[in-house]
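Residue-level listing of the chains:
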Amino acid sequence: MSNPEALNQAPSIDPGGRAWWRRPGSLCRTLLGSGLLLGFLAVASGCAVGVDAPGARLAYELNTIEVVRAAGPSVVSVRVSAVGEQNERPPGSQRVAGGSGFVVDEEGRIITNFHVVAMAIGETSDDRVELAPGASLSVSYLGSPEIEHPVRVVGANPDVDLALLELRRPGEAPTVAAIPLADSDRVLVGQKAIAIGNPFGLHSSVTAGIVSAVERHQPGLVGIDIPYIQTDAAINPGNSGGPLLNSAGQVVGINNTILAPAGAFAGIGLAVPSNLLREAMQELLAGGLSGLAAAAAQLPDRPRLGLQIGLRVADYPRALREHLGLPAQGVVVTGVSKDGPADRAGIRGPEGAVLIDDEPYPVGMDVITAIEGQPVARAIDVQRVILEREAGDVVTVTLWRDGSETEVEIALEVVPVDD
């Protein structure tokens, strides 16, 4: 008989989809010559067995198939059309974009990313989001991708890049089940991840991989850090807003963005955790824009510190940071409103700037390193505290100045933005 080591030789797959043993004189070849193959097939499937034979699919494959069968009909393609800006050529031309979404409740409402629909959004109020003149928004379903169903934006939260859509004529759309949300706090690195969406307009495409990392903090659409779920399941333009599913067919995340220099998938996809959607859902249902970014847009009518920030210490080239002796983190004061709260508290703006690669970097200014005892790394860390306060409230700001830290107390006031 052949060398017994042939039992351990791994099979290859031929173009016809069948398994065969590489080594000449292997066990299979011996069995073929001895007429014993039929009996052997009763106990082994490695020799000349079609991979599509009954029972040949792996449990991993069967699970993926079942998840896609259950969730696929509830994933939609989102189509957005808007009139181009005046400075575009030709003027008034239509811009068309797309993304993905999925049914999130029994009323048939749909979740997608805010950035998918942002270009179609016009006027907003406390409880309503209107489409811009000439804009349109529609979705299509798996069973009838050629049929577009008009939708409206119920509410949106730019902080976590989410928008809730509602069918304008729900009776004309397919009846599909909502995809349940998982507890994203229980997601583990290494578990299966399945993405369904419409990359490059390819309706209802499925990719699978694993969860590569959790709490992958990255700034989102408006600069607020999001503790993303990272996956190696392929995500490309058009996948945005679609679900990232676990092996139970539950949504663990909303596919959001990729980290790739060329704009196409390179192994790092990021999804907004499902628990952030769960937390935002009530405000989305209430309508209008919600979240810190939306509140910050109302700063002209709210109390302020009376200073300008936005540039981070981390934005400075390392050599310049070291030369200036800047702190490890913080936000740079780039301007101070004359006679405003910060000005009266003695906070200093820049004395000048240095140019590096044609980019100006302020020097000689204060750097905010903490507010109310909470470390500050970016502007939103300061805004988050201020937006929770009222006029007359006093906040403690920790400043880095000339190589050392100091604390100042500032009473908030409504300060005109133009000052």
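Along each chain, numbering runs from 1 in the same order as the chain's sequence is written. Local features are withheld for residues below a pLDDT of 70 in this predicted model, meaning they are given only at 70 or higher, and side-chain atom pairs are given and counted only at 80 or more; totals for whole chains, interfaces and linings count all residues. Computation of side-chain values: all heavy atoms of the structure, hydrogens and water removed.

Describing the environment of T64
Note on placement: T64 falls in helix α3 (residues 59-71). Leave out the neighbours within four places in its chain, and T64 touches K192 and I194. The numbering of helices and of strands both runs from the N terminus, where a helix is a DSSP run of H or I of at least 4 residues and a strand a run of E of at least 2. We call two residues in contact when some of their heavy atoms are within 4.5 Å.

Observations regarding a negative patch on the surface
Patch construction takes residues with relative accessible area above 30% that form no salt bridge. Like charges are linked within 9 Å, and nonpolar side chains (Val, Leu, Ile, Met, Phe, Trp, Tyr) are linked within 5 Å. Accessibility throughout is a Shrake-Rupley quantity obtained with a 1.4 Å probe, and a residue counts as covered only by protein chains that appear here. Note on definitions: salt bridges are taken to be side-chain nitrogens of Lys or Arg within 4 Å of carboxyl oxygens of Asp or Glu. Here Asp and Glu are counted as negative and Lys and Arg as positive; His is not counted, and neither are the chain ends. By convention, the point assigned to a charge is CZ for Arg, NZ for Lys, CD for Glu and CG for Asp. Negative charge collects at one region of the surface, where D183, D185, E215 and E279 lie side by side. With respect to the secondary-structure elements, E279 resides in helix α5 (residues 274-286).

Focus: the pattern of salt bridges
One pass over the structure, following the stated rule, counts 13 salt bridges. The salt bridge partner of D402 is R348, with a shortest N-O separation of 3.5 Å. Remark: R348 occurs in the loop between α8 (341-344) and β22 (352-356) and D402 occurs in the loop between β26 (394-401) and β27 (404-411); sequence separation between them is 54 residues. Here the term buried applies to any residue with accessible area under 20% of the maximum for its type, exposed to any over 50%, and partly exposed to those in between, with areas from a 1.4 Å probe on protein chains only. Classification of D402 as exposed rests on a relative accessible area of 65%.

Side note on the side chain of R401
Considering the arrangement of structural elements, one finds R401 in strand β26. Within the structure, the side chain of R401 is placed 3.0 Å from the backbone oxygen of G346, a separation counted as a polar contact. At 2.7 Å, the side chain of R401 and the side chain of D366 are in polar contact. Not counting chain neighbours up to four residues away, the residues in contact with R401 comprise G346, I347, R348 and D366. Whenever two N or O atoms come within 3.5 Å, that pair is a polar contact, provided that in protein one can donate a hydrogen and the other can accept it, and provided that, for residues adjacent in sequence, both atoms are side-chain atoms.

Quick notes on the pairing of strand β13 (residues 225-231)
For β13, the buried fraction is high: five of the seven residues fall into the buried class. Strand direction decides the pairing type here: strand β12 (residues 205-219) and β13, joined by six bridges, are antiparallel. Looking at the pairing, P219 lines up with D225 of β13. A pair of strands counts as paired when DSSP detects no fewer than two bridges linking them. Between the antiparallel neighbours β12 and β13 lie five residues, among them G223 with a positive phi of about 90°. As defined by bridge partners, β13 adjoins strand β16 (residues 269-273) across three bridges and the pair is classed as antiparallel. Each residue of the ladder has a partner; that of Q230, found in β16, is L270.

Description of the nonpolar core
Side-chain atoms within 4.5 Å are what join buried Ala, Val, Leu, Ile, Met, Phe, Trp, Tyr and Cys residues into a set we call a nonpolar core. One finds F102, I111, L245 and L277 to be the most contacted residues of the largest nonpolar core, which totals 25 residues. Of all the secondary-structure elements, those providing two or more residues to this core are α3, β10 (162-167), β11 (192-197), β13, β15 (251-258), β16 and α5. Examining the composition of this core, we find that five residues originate from one element, α5, more than from any other. One finds I110, F114, V139 and A156 within the second-largest nonpolar core, a separate group that totals 24 residues.

A look at unusual backbone geometry
For S204, which is not glycine, the phi torsion reads 55° and is therefore positive. Judged by relative accessible area, which is 18%, S204 ranks as buried.

Examining the sheet that holds β11
Strand order in this closed barrel of six strands is β11-β12-β13-β16-β15-β14, and the pairing throughout is antiparallel. In this sheet, neighbouring strand axes are inclined to one another by 50° on average, regardless of whether the strands run parallel or antiparallel. Pairing analysis gives six bridges linking β11 to β12, with the strands arranged antiparallel. Paired with K192 across the bridge in β12 is I210. Across the sheet, α3 is in contact with β11, β12 and β14 (243-245); its angle to β11 comes to roughly 35°. Angular values range over 0 to 180 degrees, each being the angle between N-to-C directions of two axes fitted as lines to C-alpha atoms, with helices fitted over their stretch in contact. Sitting on the sheet, α5 is in contact with β13, β15 and β16, with an inclination near 35° to β16.

Let's talk about the pairing of β10
Among the six residues of β10, five are classified as buried, and the element is accordingly described as predominantly covered. In the sheet, strand β5 (residues 110-112) pairs with β10 via three bridges, with the strands oriented antiparallel. Pairing of I111 across the sheet is with L164, part of β10. Across six bridges, the pairing between strand β9 (residues 144-157) and β10 is antiparallel. Its bridge partner lying in β10, N157 is registered against L162.

A short note on α5
Here the expected length of a helix is defined as 1.5 Å per residue gap, with one fewer gap than residues. With 13 residues, α5 extends 19 Å from end C-alpha to end C-alpha; this agrees with the ideal 18 Å at 1.5 Å per step. Along α5, the sharpest change in direction is near 45° and occurs at A280. Among the residues making up α5, those that are buried are S274, N275, L276, L277, A280, M281 and L284. Looking one or two residues beyond α5, the residue adopting positive phi is G287, at roughly 95°. At every residue, the bend is computed as the angle between two fitted axes, covering the seven residues ending there and the seven beginning there respectively.

Let's talk about the confidence of the model for the protein chain
Segments scoring low in pLDDT should not have their predicted coordinates read at a detailed level. As a per-residue quantity, pLDDT reports the predictor's confidence and falls between 0 and 100. Looking at the protein chain as a whole, the pLDDT averages 83, with 82% of positions reaching at least 70. Across residues 1-50, where pLDDT falls below 50, the model places 58 contacts with residues more than four positions away in sequence or in other chains.

Digging into α3
Between the first and last C-alpha of α3 there are 18 Å, a value that for 13 residues agrees with the 18 Å anticipated at 1.5 Å per step. Regarding α3, the residues found buried are T64, V67 and A71. Axial view of α3: buried residues confined to an arc of 65°, hence all on one face. Away from the buried face of α3 by more than 90 degrees, exposed residues A59, R69 and A70 are located. Tucked into the core, α3 has its buried residues touching β3 (75-83), β11 and β14. The arc in question is the one traced by the directions running from the helix axis out to the C-beta atoms.

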